[in-house]
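Inside the fold
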Amino acid sequence: MRSRKQKRQAVWNAACLSVLSLALSGCGVSDAQKALGQENGLPDAQEADVAEEAGREGEAVRLPSVSASEESAGGQTGAEEAVGAQTGAEESVGGQFGAEESGRTQTGEEASVQDGRAQHAPSSSEGSEEESENFDFTVCFAGDVNLDENWGTTQYMSAQENGIYDCISPELVEIMRDADLMCLNNEFTYSTGGSPLPGKAYTFRALPERVEVLDQLGVDAVTLANNHVYDYGKEALLDTFTILEEAQIPYFGAGRTLEEAMEPLYLEVDGKVVALVGASRAEKNKMTPQATDTEPGILRCYDTKLFLQAIGEAKDAADFCIAFVHWGTEYSFELEQVQLDTGREYLDAGADAVIGAHSHCLQGMEYYNGKPIIYSLGNYWFNDKTLDTMLLQLHFSGDERGTALEVEVIPAVQSGYRTVYAKALEEQRRIYDFLEEISVNVRISDEGMVTETE
């Protein structure tokens, strides 16, 4: 979709002229850092849902296939117990692991995108000529984003002359827009209908026109496998599908049926097919339903059977598979045992990387059998708390000798409804050091590249 990104590049270039000096001049964060969990005016963004095991989630289904899209963005940031601090940092985290060549390549036929959903699966190539071609591309991920009309983020954005460009610093926006594929967690619903779920403490709904923010940030795909996409019930969830489809923003992890919710999203970039699959196990009091044969919903993974099936199917049909999971304990740097166990299970099933969200703060990383698990990206732009955050970039490359995956952290800080790149070298190092501290077995270089420790 080069044409789509080229069109919005003109908007971005114009916005940069008016935003740059303002964004750079006001991006500091107070030296007095706020302790994690401390209130900053608005209530906490979500219930303190602790993931728990549950029973089987239904029968497996054969999935249709996906959509084609391009370009992404990257980066990420670390987290620290006394969360907060000055922002500014440079690209970061990398970590190389040798992934095996999948044994298939994409032909010239792409998955056609209509109404935001793919119409058919990618087909494999039988020729050896294409298999020998080099490739090099980046998939970028951001954590929780909230555009709810009554929430502080959206109210702040609406009061700014340049909208979202006054909320996220230009360095980060540029990274997001430059990525070959850019994906984030859409932690709300798009609708004017529906009603808040009874008994749910926090419910998030954005006006349909807010979907333009995704385009402004260069977003190519979103995960809907989370505990807020059903906050206003079935009507609003169905509206969300329609709004994203009309905006040509592919989504995964939810659907009008269980078959759709399980369906991998296939995106072609640089001659390779990347599959994205998503699932959630984020609620203690399960209020977000799993889709069925006849009803819309998300894909859950309290029981991992269906998610493992989706991962296996995605890996069989694509060159690379990335699993995006909503899990963990909110505002806690400690990993649940189930994250450790199932994260490794997803890699064993064929995922090349596991990306996590839901905790609203950064969690650690792990290499397992040479493949990365990023346990949580934390808040990207979700509330006014002072929290370390990051963009996470996966750099895929290869030639006739094999493939490689490097992991890079782009460090940033969310504070006061703004998310700002961490420029200062000491600030970057602080974030990297904390990520190392809460991780299982990683080292992060001064350039933000993540590698496995022995």
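Residues numbered from 1 in each chain as written. Predicted model: local features only at pLDDT ≥ 70, side-chain atom pairs only at ≥ 80, totals over all residues. Heavy atoms only, no water.

Attention now moves to a negative patch on the surface. A contiguous patch of negative charge, built from Glu-133, Asp-136, Asp-270 and Glu-406, is present on the exposed surface. Along the polypeptide, Asp-136 turns up in strand S3 (residues 135-145). Overall, Asp-136 belongs to the exposed group, its relative accessible area being 56%. (Patch = residues over 30% accessible without salt bridge, like charges linked within 9 Å, V, L, I, M, F, W, Y side chains within 5 Å. Areas by Shrake-Rupley, 256 points an atom, 1.4 Å probe, with all protein chains shown as cover. Salt bridge = Lys/Arg side-chain N within 4 Å of Asp/Glu carboxyl O. Lys, Arg positive; Asp, Glu negative; His and termini not counted. Charge placed at Lys NZ, Arg CZ, Asp CG, Glu CD. Helix = DSSP H or I, 4+ residues; strand = E, 2+ residues; numbered from the N terminus. Buried < 20%, exposed > 50% of the residue type's maximum accessible area, 1.4 Å probe, protein only.)

So, about the side chain of Glu-283. With respect to the helices and strands, Glu-283 occurs in the loop between strand S11 (272-280) and strand S12 (297-298). Overall, the relative accessible area of 3% leaves Glu-283 in the buried class. One polar contact links the side chain of Glu-283 to the main-chain amide nitrogen of Met-287, over a distance of 3.4 Å. (Polar contact = N/O pair within 3.5 Å; in protein donor to acceptor, adjacent residues only side chain to side chain.)

Attention shifts here to the packing of aromatic side chains. Scanning the entire structure with this criterion turns up 16 aromatic pairs. Ring centres of Phe-137 and Phe-396 lie 5.2 Å apart, and the angle between their planes is 20 degrees; this geometry places the pair in the stacked category. With a gap of 259 residues between them, Phe-137 in strand S3 and Phe-396 in strand S18 (residues 387-399) connect regions that are remote in the sequence. The buried category is assigned to Phe-396, whose relative accessible area is 1%. Measuring from centroid to centroid gives 5.8 Å for Trp-327 and Tyr-375, while their planes differ by 25 degrees, and the two rings are stacked. Highlighted residues: Trp-327 in the loop between strand S13 (320-326) and helix H9 (337-348) and Tyr-375 in the loop between strand S16 (371-374) and strand S17 (379-381), separated in sequence by 48 residues. Tyr-375 sits in the buried class, given a relative accessible area of 0%. These aromatic residues form a ring-pair network of at least three members: Phe-135, Phe-137, Phe-320 and Phe-396. Above the ring of Tyr-331, the side-chain terminus of Lys-385 is found at 5.4 Å from the ring centroid. (Phe/Tyr/Trp six-rings, centres within 6.5 Å; stacked < 30°, edge-to-face > 60°. Lys NZ or Arg CZ within 6 Å of the ring centre and 35° of its normal.)

Spatially, S10-S11-S13-S14-S16-S15 is the arrangement adopted by the 6 strands of the open sheet, whose pairing is mixed. Sheet topology places strand S10 (265-269) and strand S15 (365-368) at the edges, where each strand pairs with a single neighbour. Strand-to-strand twist of the sheet, defined as the mean angle between neighbouring strand axes without regard to direction, takes the value 20 degrees. Both S10 and S11 contribute to a ladder of 5 bridges, which runs antiparallel. Paired with Leu-265 across the strands is Leu-276, a residue of S11. (Pairing = 2+ DSSP bridges. Axes fitted to C-alpha atoms, helices over the stretch in contact; angles between N-to-C directions.)

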